Amino acid sequence: MSRLQTIIRSLKNGRRIIGPIASISVNNPHGIRSYSQMEVQKDAKLPVPLTISTQSEHENEDTKYEENIKNNILNHALDFVPKSGWSVESLSSGAKAAGYPTITHGLFPNGGGDLVHYFNIKCNEQLVEQMKTWPKMELKESTVPSQFIENAIMTRLLMIDPYKITWPKAMAIQTMPNNVSNCLATLLSLVDDICYHSGDRSVDFNWYTRRVGLAGIYKAAELFYLTDSTPNSGATRSFVASRIRDAQLIQAALNLNPVAAAPQTLTAAFTTAKNILGINTLK
Amino acid sequence: MLRRSFLQQVRCAHSTVTENSRPYWKKNPHLDTIIRVDHAGELGADRIYAGQMAVLGNTPEGPTIQHMWEQEKKHRAKFEALINEYRVRPTALTPIWNVAGFVLGAGTALLGKEAAMACTVAVETVIVDHYNDQLRTLMEDPNIDKDILETITKFRNEEQEHHDTGIDHGAEQAPFYKALTEVIKTGCKAAIAISKKV
(Lines give C-alpha, C1' and ligand atoms only; values in the text may rest on other atoms or scores of the structure.)
Protein backbone atom coordinates (compact mmCIF):
# COMPACT_ATOMS: atom_id res chain seq x y z
CA MET A 1 0.00 0.00 0.00
CA SER A 2 2.66 2.40 1.04
CA ARG A 3 4.78 1.55 -2.00
CA LEU A 4 1.82 2.13 -4.26
CA GLN A 5 1.21 5.45 -2.60
CA THR A 6 4.82 6.50 -3.05
CA ILE A 7 4.73 5.46 -6.70
CA ILE A 8 1.53 7.44 -7.25
CA ARG A 9 3.01 10.38 -5.42
CA SER A 10 6.17 10.19 -7.40
CA LEU A 11 4.15 10.10 -10.59
CA LYS A 12 2.18 13.10 -9.40
CA ASN A 13 5.31 14.95 -8.38
CA GLY A 14 7.05 13.71 -11.42
CA ARG A 15 5.90 16.65 -13.38
CA ARG A 16 7.29 18.95 -10.79
CA ILE A 17 10.58 17.12 -10.56
CA ILE A 18 11.10 16.29 -14.18
CA GLY A 19 9.59 19.51 -15.44
CA PRO A 20 12.31 21.82 -14.21
CA ILE A 21 15.01 19.46 -15.39
CA ALA A 22 13.48 19.33 -18.82
CA SER A 23 12.99 23.05 -18.87
CA ILE A 24 16.62 23.57 -17.91
CA SER A 25 17.84 21.52 -20.80
CA VAL A 26 15.33 23.19 -23.11
CA ASN A 27 15.93 26.72 -21.90
CA ASN A 28 19.64 26.28 -21.93
CA PRO A 29 20.44 25.19 -25.43
CA HIS A 30 24.14 25.85 -24.83
CA GLY A 31 24.11 22.90 -22.41
CA ILE A 32 27.22 20.95 -23.16
CA ARG A 33 28.74 23.61 -25.31
CA SER A 34 28.96 26.02 -22.41
CA TYR A 35 31.36 23.66 -20.63
CA SER A 36 33.78 23.62 -23.48
CA GLN A 37 33.49 27.36 -23.79
CA MET A 38 34.30 27.86 -20.15
CA GLU A 39 37.40 25.75 -20.51
CA VAL A 40 38.51 27.74 -23.47
CA GLN A 41 37.93 30.93 -21.51
CA LYS A 42 40.01 29.59 -18.63
CA ASP A 43 42.86 28.90 -20.97
CA ALA A 44 42.48 32.26 -22.59
CA LYS A 45 42.33 34.16 -19.35
CA LEU A 46 46.03 34.85 -19.09
CA PRO A 47 46.51 36.70 -22.34
CA VAL A 48 43.24 38.65 -21.95
CA PRO A 49 44.64 41.57 -19.92
CA LEU A 50 47.59 41.78 -22.27
CA THR A 51 45.36 42.10 -25.31
CA ILE A 52 43.31 44.76 -23.52
CA SER A 53 46.36 46.82 -22.70
CA THR A 54 47.70 46.55 -26.22
CA GLN A 55 44.27 47.48 -27.48
CA SER A 56 44.19 50.63 -25.37
CA GLU A 57 47.70 51.45 -26.54
CA HIS A 58 46.50 50.97 -30.08
CA GLU A 59 43.56 53.25 -29.34
CA ASN A 60 45.92 55.83 -27.88
CA GLU A 61 48.05 55.66 -30.98
CA ASP A 62 44.97 55.85 -33.16
CA THR A 63 43.60 58.93 -31.41
CA LYS A 64 47.03 60.53 -31.53
CA TYR A 65 47.27 59.79 -35.24
CA GLU A 66 43.81 61.27 -35.77
CA GLU A 67 44.73 64.35 -33.72
CA ASN A 68 47.83 64.86 -35.82
CA ILE A 69 45.82 64.69 -39.03
CA LYS A 70 43.24 67.12 -37.64
CA ASN A 71 45.88 69.59 -36.48
CA ASN A 72 47.65 69.34 -39.82
CA ILE A 73 44.43 70.17 -41.69
CA LEU A 74 43.51 72.99 -39.29
CA ASN A 75 46.98 74.47 -39.56
CA HIS A 76 46.74 74.57 -43.34
CA ALA A 77 43.16 75.87 -43.13
CA LEU A 78 44.35 78.95 -41.22
CA ASP A 79 46.12 80.12 -44.41
CA PHE A 80 42.78 80.37 -46.17
CA VAL A 81 41.00 82.27 -43.40
CA PRO A 82 41.75 85.80 -44.72
CA LYS A 83 40.17 84.76 -48.04
CA SER A 84 37.20 82.58 -47.10
CA GLY A 85 36.74 83.33 -43.40
CA TRP A 86 36.25 80.98 -40.43
CA SER A 87 34.18 78.59 -42.48
CA VAL A 88 33.85 75.10 -43.87
CA GLU A 89 35.33 76.37 -47.16
CA SER A 90 38.58 77.21 -45.37
CA LEU A 91 38.59 73.72 -43.84
CA SER A 92 38.07 72.12 -47.27
CA SER A 93 40.86 74.18 -48.80
CA GLY A 94 43.07 73.36 -45.83
CA ALA A 95 42.39 69.64 -46.23
CA LYS A 96 43.27 69.89 -49.90
CA ALA A 97 46.48 71.77 -49.11
CA ALA A 98 47.40 69.12 -46.54
CA GLY A 99 46.95 66.41 -49.15
CA TYR A 100 43.56 65.02 -48.16
CA PRO A 101 40.30 65.05 -50.11
CA THR A 102 38.29 68.22 -49.57
CA ILE A 103 35.46 66.19 -48.03
CA THR A 104 37.70 65.62 -44.97
CA HIS A 105 36.16 68.73 -43.44
CA GLY A 106 33.59 66.26 -42.09
CA LEU A 107 36.13 65.55 -39.32
CA PHE A 108 35.05 68.87 -37.82
CA PRO A 109 31.37 68.77 -37.01
CA ASN A 110 31.47 72.30 -35.58
CA GLY A 111 32.91 73.71 -38.80
CA GLY A 112 34.28 77.19 -38.24
CA GLY A 113 33.93 76.77 -34.46
CA ASP A 114 36.61 74.07 -34.44
CA LEU A 115 38.89 76.23 -36.53
CA VAL A 116 38.54 79.19 -34.14
CA HIS A 117 39.10 76.86 -31.18
CA TYR A 118 42.27 75.48 -32.73
CA PHE A 119 43.52 79.00 -33.43
CA ASN A 120 42.87 80.05 -29.83
CA ILE A 121 44.69 77.05 -28.38
CA LYS A 122 47.62 77.55 -30.73
CA CYS A 123 47.92 81.22 -29.77
CA ASN A 124 47.69 80.41 -26.07
CA GLU A 125 50.50 77.88 -26.38
CA GLN A 126 52.65 80.37 -28.26
CA LEU A 127 51.97 83.00 -25.61
CA VAL A 128 52.98 80.60 -22.83
CA GLU A 129 56.23 79.77 -24.63
CA GLN A 130 56.96 83.48 -24.94
CA MET A 131 56.00 84.32 -21.37
CA LYS A 132 58.39 81.68 -20.05
CA THR A 133 61.27 83.63 -21.54
CA TRP A 134 60.21 87.02 -20.17
CA PRO A 135 62.15 88.27 -17.16
CA LYS A 136 60.57 87.42 -13.84
CA MET A 137 59.95 90.37 -11.59
CA GLU A 138 60.53 90.48 -7.88
CA LEU A 139 57.01 90.49 -6.52
CA LYS A 140 55.80 92.01 -3.32
CA GLU A 141 52.35 91.41 -1.90
CA SER A 142 50.86 94.77 -2.86
CA THR A 143 52.36 95.43 -6.29
CA VAL A 144 50.64 94.33 -9.46
CA PRO A 145 52.91 93.29 -12.34
CA SER A 146 51.00 95.65 -14.66
CA GLN A 147 53.76 95.86 -17.25
CA PHE A 148 53.90 92.08 -17.55
CA ILE A 149 50.13 91.76 -17.88
CA GLU A 150 49.96 94.58 -20.42
CA ASN A 151 52.66 92.92 -22.52
CA ALA A 152 50.94 89.55 -22.29
CA ILE A 153 47.56 90.93 -23.38
CA MET A 154 49.09 92.93 -26.22
CA THR A 155 51.16 89.99 -27.45
CA ARG A 156 48.09 87.80 -27.49
CA LEU A 157 45.97 90.45 -29.26
CA LEU A 158 48.60 91.02 -31.94
CA MET A 159 48.48 87.32 -32.77
CA ILE A 160 45.01 88.05 -34.16
CA ASP A 161 46.50 90.69 -36.46
CA PRO A 162 46.75 88.54 -39.64
CA TYR A 163 43.06 87.68 -39.29
CA LYS A 164 41.87 91.07 -38.01
CA ILE A 165 39.33 91.64 -40.80
CA THR A 166 37.63 88.28 -40.23
CA TRP A 167 37.94 88.30 -36.44
CA PRO A 168 34.50 89.85 -35.73
CA LYS A 169 33.01 86.83 -37.47
CA ALA A 170 35.14 84.54 -35.29
CA MET A 171 33.90 86.32 -32.16
CA ALA A 172 30.35 85.80 -33.36
CA ILE A 173 31.06 82.09 -33.98
CA GLN A 174 32.43 81.79 -30.45
CA THR A 175 29.17 82.99 -28.94
CA MET A 176 27.13 80.27 -30.64
CA PRO A 177 25.76 77.89 -28.00
CA ASN A 178 27.73 74.83 -29.08
CA ASN A 179 31.00 76.79 -29.11
CA VAL A 180 30.54 78.70 -25.87
CA SER A 181 32.10 76.03 -23.66
CA ASN A 182 35.19 75.76 -25.87
CA CYS A 183 35.51 79.52 -26.00
CA LEU A 184 35.23 79.89 -22.22
CA ALA A 185 37.72 77.08 -21.70
CA THR A 186 40.36 78.71 -23.88
CA LEU A 187 39.72 82.11 -22.30
CA LEU A 188 40.06 80.64 -18.78
CA SER A 189 43.26 78.82 -19.63
CA LEU A 190 44.61 82.02 -21.19
CA VAL A 191 43.99 84.17 -18.12
CA ASP A 192 45.16 81.35 -15.84
CA ASP A 193 48.44 81.15 -17.74
CA ILE A 194 48.91 84.92 -17.67
CA CYS A 195 48.22 85.06 -13.93
CA TYR A 196 50.51 82.13 -13.20
CA HIS A 197 53.43 83.37 -15.24
CA SER A 198 53.06 86.92 -13.94
CA GLY A 199 53.74 85.47 -10.50
CA ASP A 200 50.27 85.20 -8.99
CA ARG A 201 50.44 82.54 -6.29
CA SER A 202 47.23 83.33 -4.43
CA VAL A 203 45.38 80.42 -2.88
CA ASP A 204 42.30 82.21 -1.63
CA PHE A 205 39.39 84.05 -3.19
CA ASN A 206 41.79 86.48 -4.91
CA TRP A 207 42.55 83.63 -7.28
CA TYR A 208 39.06 84.04 -8.70
CA THR A 209 38.82 87.83 -8.68
CA ARG A 210 42.14 88.21 -10.50
CA ARG A 211 41.24 85.74 -13.22
CA VAL A 212 37.73 87.06 -13.78
CA GLY A 213 39.00 90.64 -13.81
CA LEU A 214 41.72 89.78 -16.29
CA ALA A 215 39.25 87.94 -18.52
CA GLY A 216 37.06 91.06 -18.56
CA ILE A 217 40.00 93.27 -19.44
CA TYR A 218 41.11 90.93 -22.21
CA LYS A 219 37.67 90.68 -23.81
CA ALA A 220 37.15 94.46 -23.62
CA ALA A 221 40.57 95.03 -25.17
CA GLU A 222 39.75 92.55 -27.93
CA LEU A 223 36.64 94.52 -28.84
CA PHE A 224 38.57 97.79 -28.73
CA TYR A 225 41.33 96.33 -30.88
CA LEU A 226 38.92 95.48 -33.71
CA THR A 227 38.18 99.14 -34.40
CA ASP A 228 41.68 100.38 -33.62
CA SER A 229 43.38 101.80 -36.72
CA THR A 230 46.30 103.60 -35.05
CA PRO A 231 49.82 102.55 -36.10
CA ASN A 232 51.22 99.69 -34.00
CA SER A 233 47.87 99.55 -32.16
CA GLY A 234 49.01 102.30 -29.83
CA ALA A 235 45.46 103.15 -28.84
CA THR A 236 44.78 99.57 -27.75
CA ARG A 237 47.94 99.56 -25.68
CA SER A 238 46.92 102.70 -23.81
CA PHE A 239 43.40 101.28 -23.45
CA VAL A 240 44.77 98.12 -21.84
CA ALA A 241 47.09 100.15 -19.60
CA SER A 242 44.23 102.31 -18.34
CA ARG A 243 41.98 99.27 -17.73
CA ILE A 244 44.75 97.67 -15.66
CA ARG A 245 45.06 100.91 -13.68
CA ASP A 246 41.29 100.80 -13.06
CA ALA A 247 41.59 97.24 -11.78
CA GLN A 248 44.43 98.29 -9.49
CA LEU A 249 42.28 101.12 -8.12
CA ILE A 250 39.42 98.74 -7.43
CA GLN A 251 41.76 96.32 -5.72
CA ALA A 252 43.23 99.12 -3.62
CA ALA A 253 39.75 100.27 -2.64
CA LEU A 254 38.77 96.71 -1.66
CA ASN A 255 41.92 96.26 0.40
CA LEU A 256 41.38 99.56 2.19
CA ASN A 257 41.06 99.26 5.93
CA PRO A 258 37.42 100.07 6.77
CA VAL A 259 38.40 102.08 9.86
CA ALA A 260 41.01 104.14 8.03
CA ALA A 261 38.61 104.80 5.18
CA ALA A 262 35.74 105.82 7.48
CA PRO A 263 36.31 109.63 7.37
CA GLN A 264 36.50 109.61 3.56
CA THR A 265 33.38 107.47 3.29
CA LEU A 266 31.48 109.71 5.73
CA THR A 267 32.52 112.88 3.90
CA ALA A 268 31.47 111.38 0.58
CA ALA A 269 28.10 110.30 2.00
CA PHE A 270 27.57 113.73 3.54
CA THR A 271 28.39 115.54 0.27
CA THR A 272 26.07 113.23 -1.65
CA ALA A 273 23.26 113.90 0.80
CA LYS A 274 23.83 117.65 0.50
CA ASN A 275 23.75 117.39 -3.30
CA ILE A 276 20.49 115.45 -3.18
CA LEU A 277 18.94 118.05 -0.88
CA GLY A 278 20.20 120.86 -3.11
CA ILE A 279 22.11 122.68 -0.37
CA ASN A 280 25.60 122.18 -1.77
CA THR A 281 27.50 125.36 -0.96
CA LEU A 282 30.24 124.71 -3.53
CA LYS A 283 27.97 125.22 -6.50
CA MET B 1 27.21 65.31 -17.42
CA LEU B 2 27.40 68.63 -19.25
CA ARG B 3 29.44 70.12 -16.45
CA ARG B 4 31.77 67.18 -16.48
CA SER B 5 32.39 67.40 -20.19
CA PHE B 6 33.02 71.12 -19.82
CA LEU B 7 35.64 70.52 -17.15
CA GLN B 8 37.20 67.94 -19.43
CA GLN B 9 37.42 70.56 -22.14
CA VAL B 10 38.99 73.05 -19.79
CA ARG B 11 41.64 70.51 -18.96
CA CYS B 12 42.27 69.65 -22.58
CA ALA B 13 42.53 73.30 -23.49
CA HIS B 14 44.86 73.97 -20.61
CA SER B 15 48.29 74.61 -21.97
CA THR B 16 50.05 72.81 -19.13
CA VAL B 17 48.59 69.52 -20.31
CA THR B 18 51.08 69.17 -23.12
CA GLU B 19 53.27 66.17 -23.72
CA ASN B 20 56.44 67.37 -22.06
CA SER B 21 55.51 69.86 -19.39
CA ARG B 22 53.48 68.06 -16.77
CA PRO B 23 50.68 65.73 -17.76
CA TYR B 24 49.50 65.43 -14.18
CA TRP B 25 45.81 65.46 -14.96
CA LYS B 26 46.32 62.50 -17.21
CA LYS B 27 48.39 60.82 -14.52
CA ASN B 28 45.64 60.89 -11.97
CA PRO B 29 42.33 62.63 -12.58
CA HIS B 30 41.62 62.69 -8.83
CA LEU B 31 44.71 64.65 -7.96
CA ASP B 32 43.29 68.14 -8.39
CA THR B 33 40.21 67.25 -6.35
CA ILE B 34 42.40 65.77 -3.62
CA ILE B 35 44.67 68.78 -3.34
CA ARG B 36 41.76 71.23 -3.42
CA VAL B 37 39.71 69.53 -0.71
CA ASP B 38 42.74 68.91 1.51
CA HIS B 39 43.77 72.53 1.30
CA ALA B 40 40.24 73.59 2.25
CA GLY B 41 40.28 71.12 5.15
CA GLU B 42 43.61 72.28 6.54
CA LEU B 43 42.50 75.89 6.18
CA GLY B 44 39.40 75.06 8.23
CA ALA B 45 41.46 73.17 10.85
CA ASP B 46 43.88 76.08 11.12
CA ARG B 47 40.96 78.44 11.76
CA ILE B 48 39.35 76.08 14.30
CA TYR B 49 42.52 76.05 16.40
CA ALA B 50 42.79 79.83 15.99
CA GLY B 51 39.28 80.12 17.43
CA GLN B 52 40.12 77.79 20.32
CA MET B 53 43.31 79.72 21.10
CA ALA B 54 41.37 82.98 21.13
CA VAL B 55 39.27 81.64 24.00
CA LEU B 56 41.50 79.09 25.75
CA GLY B 57 44.90 80.67 25.05
CA ASN B 58 45.65 81.52 28.67
CA THR B 59 44.36 78.32 30.27
CA PRO B 60 46.50 75.23 31.09
CA GLU B 61 45.30 73.71 27.79
CA GLY B 62 46.90 76.59 25.87
CA PRO B 63 50.29 74.98 25.09
CA THR B 64 48.63 71.73 23.89
CA ILE B 65 46.33 73.58 21.50
CA GLN B 66 49.21 75.81 20.42
CA HIS B 67 51.27 72.73 19.52
CA MET B 68 48.45 71.26 17.43
CA TRP B 69 47.84 74.64 15.81
CA GLU B 70 51.50 74.87 14.75
CA GLN B 71 51.22 71.47 13.04
CA GLU B 72 48.03 72.50 11.24
CA LYS B 73 49.74 75.66 10.04
CA LYS B 74 52.49 73.52 8.54
CA HIS B 75 49.91 71.29 6.83
CA ARG B 76 48.18 74.33 5.38
CA ALA B 77 51.46 75.78 4.10
CA LYS B 78 52.32 72.46 2.48
CA PHE B 79 49.01 72.27 0.62
CA GLU B 80 49.31 75.90 -0.45
CA ALA B 81 52.66 74.99 -1.96
CA LEU B 82 51.10 71.97 -3.67
CA ILE B 83 48.29 74.13 -5.11
CA ASN B 84 50.87 76.38 -6.70
CA GLU B 85 53.06 73.52 -7.86
CA TYR B 86 50.25 71.61 -9.55
CA ARG B 87 48.29 74.72 -10.50
CA VAL B 88 45.11 73.46 -8.91
CA ARG B 89 42.15 75.78 -8.61
CA PRO B 90 41.66 76.60 -4.91
CA THR B 91 38.16 76.23 -3.52
CA ALA B 92 35.90 79.21 -4.08
CA LEU B 93 34.52 79.01 -0.55
CA THR B 94 37.68 80.01 1.33
CA PRO B 95 36.00 83.07 2.91
CA ILE B 96 33.19 80.86 4.24
CA TRP B 97 35.50 78.16 5.65
CA ASN B 98 37.60 80.92 7.16
CA VAL B 99 34.71 82.29 9.17
CA ALA B 100 32.99 78.96 9.82
CA GLY B 101 36.19 77.38 11.18
CA PHE B 102 36.86 80.25 13.56
CA VAL B 103 33.25 80.29 14.79
CA LEU B 104 33.26 76.54 15.35
CA GLY B 105 36.54 76.67 17.28
CA ALA B 106 35.63 79.66 19.41
CA GLY B 107 32.05 78.46 19.93
CA THR B 108 33.00 75.05 21.27
CA ALA B 109 35.79 76.57 23.36
CA LEU B 110 33.23 78.85 25.02
CA LEU B 111 31.37 75.69 26.11
CA GLY B 112 34.46 74.70 28.07
CA LYS B 113 37.72 72.94 27.43
CA GLU B 114 36.09 69.52 27.26
CA ALA B 115 33.77 70.70 24.49
CA ALA B 116 36.73 72.17 22.63
CA MET B 117 38.49 68.81 22.86
CA ALA B 118 35.30 67.03 21.74
CA CYS B 119 35.26 69.32 18.70
CA THR B 120 38.89 68.40 17.97
CA VAL B 121 38.05 64.70 18.30
CA ALA B 122 35.06 64.95 15.95
CA VAL B 123 36.91 66.93 13.30
CA GLU B 124 40.02 64.76 13.40
CA THR B 125 37.97 61.55 13.19
CA VAL B 126 36.38 62.72 9.95
CA ILE B 127 39.68 63.99 8.58
CA VAL B 128 41.54 60.74 9.35
CA ASP B 129 38.80 58.76 7.58
CA HIS B 130 38.94 61.17 4.69
CA TYR B 131 42.73 60.89 4.37
CA ASN B 132 42.46 57.11 4.50
CA ASP B 133 39.95 57.16 1.64
CA GLN B 134 42.29 59.34 -0.36
CA LEU B 135 45.23 57.07 0.30
CA ARG B 136 43.19 54.14 -1.00
CA THR B 137 42.31 56.10 -4.13
CA LEU B 138 45.93 57.04 -4.68
CA MET B 139 47.19 53.49 -4.07
CA GLU B 140 44.99 52.19 -6.89
CA ASP B 141 47.05 54.20 -9.34
CA PRO B 142 50.13 52.19 -10.40
CA ASN B 143 52.33 55.24 -11.01
CA ILE B 144 51.45 57.29 -7.98
CA ASP B 145 53.08 60.48 -6.93
CA LYS B 146 55.34 59.38 -4.05
CA ASP B 147 55.63 62.88 -2.62
CA ILE B 148 51.89 63.36 -2.26
CA LEU B 149 51.41 59.88 -0.85
CA GLU B 150 54.04 60.45 1.84
CA THR B 151 52.65 63.90 2.64
CA ILE B 152 49.14 62.60 3.14
CA THR B 153 50.34 59.62 5.20
CA LYS B 154 52.37 61.90 7.47
CA PHE B 155 49.48 64.32 7.91
CA ARG B 156 47.07 61.44 8.56
CA ASN B 157 49.31 60.25 11.41
CA GLU B 158 49.53 63.71 12.93
CA GLU B 159 45.76 64.17 12.75
CA GLN B 160 45.40 60.81 14.51
CA GLU B 161 47.70 62.14 17.27
CA HIS B 162 45.48 65.20 17.66
CA HIS B 163 42.47 62.91 17.97
CA ASP B 164 44.20 60.91 20.72
CA THR B 165 45.29 64.11 22.48
CA GLY B 166 41.67 65.24 22.50
CA ILE B 167 40.52 61.97 24.08
CA ASP B 168 43.32 62.18 26.68
CA HIS B 169 42.25 65.69 27.67
CA GLY B 170 38.77 64.58 28.61
CA ALA B 171 36.81 65.11 25.43
CA GLU B 172 34.32 62.46 26.47
CA GLN B 173 33.38 64.43 29.60
CA ALA B 174 32.02 67.24 27.43
CA PRO B 175 28.35 68.12 27.81
CA PHE B 176 26.24 66.30 25.20
CA TYR B 177 29.41 64.63 23.89
CA LYS B 178 27.55 62.27 21.52
CA ALA B 179 25.24 64.89 20.04
CA LEU B 180 28.00 67.49 19.78
CA THR B 181 30.43 65.21 17.95
CA GLU B 182 27.74 63.85 15.63
CA VAL B 183 26.67 67.35 14.58
CA ILE B 184 30.26 68.45 13.98
CA LYS B 185 31.06 65.26 12.07
CA THR B 186 28.07 65.73 9.78
CA GLY B 187 29.08 69.33 9.19
CA CYS B 188 32.64 68.33 8.33
CA LYS B 189 31.49 65.64 5.91
CA ALA B 190 29.21 68.13 4.17
CA ALA B 191 32.06 70.64 3.95
CA ILE B 192 34.35 67.99 2.42
CA ALA B 193 31.72 67.01 -0.15
CA ILE B 194 31.20 70.65 -1.15
CA SER B 195 34.90 71.53 -1.30
CA LYS B 196 35.60 68.65 -3.65
CA LYS B 197 33.40 70.26 -6.30
CA VAL B 198 33.35 73.99 -5.71
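Residues numbered from 1 in each chain as written. Chains lettered and ligands numbered in written order. Predicted model: local features only at pLDDT ≥ 70, side-chain atom pairs only at ≥ 80, totals over all residues. Heavy atoms only, no water.

1. Considerations on the overall build of chain A
Piece 1. When you go through chain A residue by residue, the secondary structure sums to twelve helices and zero strands.
Piece 2. In chain A, the succession of α and β elements from N to C terminus is α-α-α-α-α-α-α-α-α-α-α-α.
Piece 3. Scored against the burial criterion, the 283 residues of chain A give a buried share of 33%. (Helix = DSSP H or I, 4+ residues; strand = E, 2+ residues; numbered from the N terminus. Buried < 20%, exposed > 50% of the residue type's maximum accessible area, 1.4 Å probe, protein only.)

2. Things to note about the packing of helix H5 (residues 94-110) of chain B against helix H6 (residues 113-140) of chain B
Residues and elements named next belong to chain B.
Piece 1. Remark: H5 packs on H6, axes separated minimally by 6 Å, with the N-to-C direction vectors making an angle of 140 degrees. Viewed along their axes, H5 and H6 adopt a mutual orientation that is oblique. Where H5 approaches H6, its residues Leu104, Thr108 and Ala109 are matched on the opposing element by Ala115, Ala116, Cys119 and Val123. (Axes fitted to C-alpha atoms, helices over the stretch in contact; angles between N-to-C directions. Parallel < 35°, antiparallel > 145°, perpendicular 65-115°, else oblique. Contact = heavy atoms within 4.5 Å.)

3. Overview of the interface of chain B and chain A
Piece 1. Chain B puts 20 residues into the contact, and the matching count from chain A is 21 residues.
Piece 2. Where chain B abuts chain A, roughly 1,700 Å² becomes buried across the two surfaces, and 60% of that area is made up of carbon and sulfur atoms.
Piece 3. Summed over the shared surface of chain B and chain A, the number is two salt bridges.
Piece 4. Here Asp193(A) and Arg87(B) are joined by a salt bridge, their closest N and O atoms 2.8 Å apart.
Piece 5. Inspection of the chain B/chain A interface yields seven residue pairs in polar contact (both at pLDDT 80 or more).
Piece 6. Elements that contribute at least two residues to the side of chain B that touches chain A include exactly helix H1 (2-13), helix H4 (62-86) and H5 of chain B.
Piece 7. Looking at the side of chain B that touches chain A, the element that brings in the most residues is H1(B), giving four residues.
Piece 8. Considering only residue class, the side of chain B that touches chain A consists of eight nonpolar, eight polar and four charged. (Buried area = accessible area lost by both parts, 1.4 Å probe. Salt bridge = Lys/Arg side-chain N within 4 Å of Asp/Glu carboxyl O. Polar contact = N/O pair within 3.5 Å; in protein donor to acceptor, adjacent residues only side chain to side chain. Nonpolar A, V, L, I, M, F, W, Y, C, P; charged D, E, K, R; others polar.)

4. Here's the deal with the environment of Ala98(A)
Residue and element names in this part refer to chain A.
Piece 1. Relative to the elements of secondary structure, Ala98 occurs in the loop between helix H5 (88-97) and helix H6 (112-133).
Piece 2. As a C-alpha pair, Ala98 and Leu74 span 24 residues in sequence and 9.1 Å in three-dimensional space.
Piece 3. In this structure Ala98 touches Asn72, Ile73 and His76, once residues within four positions along its chain are discounted.

5. Here's the deal with the UniProt feature "binding site: Fe cation 2" (unreviewed entry) in chain B
All names here are of chain B.
Piece 1. Here the UniProt feature "binding site: Fe cation 2" (unreviewed entry) sits at Glu72, Glu124, Glu159 and His162. For the residues just named, distributed over 91 residues, the greatest C-alpha separation is only 11.3 Å, placing them together at one site.
Piece 2. Here Glu72 shows up in helix H4.
Piece 3. On the basis of relative accessible area, Glu72 is assigned to the buried category, the value being 0%.
Piece 4. Of note, Glu159 is situated in helix H7 (residues 146-168).
Piece 5. Beyond its immediate chain neighbours, meaning those up to four positions away, Glu159 contacts Glu42, Glu72, His75, Glu124, Ile127, Val128 and Tyr131. (UniProt positions renumbered as here; feature names shortened; annotations may be inferred.)

6. Some details on the UniProt feature "binding site: Fe cation 1" (unreviewed entry) in chain B
Residue and element names in this part refer to chain B.
Piece 1. Here, the residues flagged by UniProt with the feature "binding site: Fe cation 1" (unreviewed entry) are Glu42, Glu72, His75 and Glu159. Across 118 residues, the annotated set stays spatially compact, with a maximum C-alpha separation of 10.4 Å.
Piece 2. Locating His75 in the fold gives a position in helix H4.
Piece 3. Here His75 is in contact with Glu42, Phe155, Glu158 and Glu159, once residues within four sequence places are set aside.
Piece 4. Glu159 gets classed as buried once you look at its relative accessible area, which sits at 0%.

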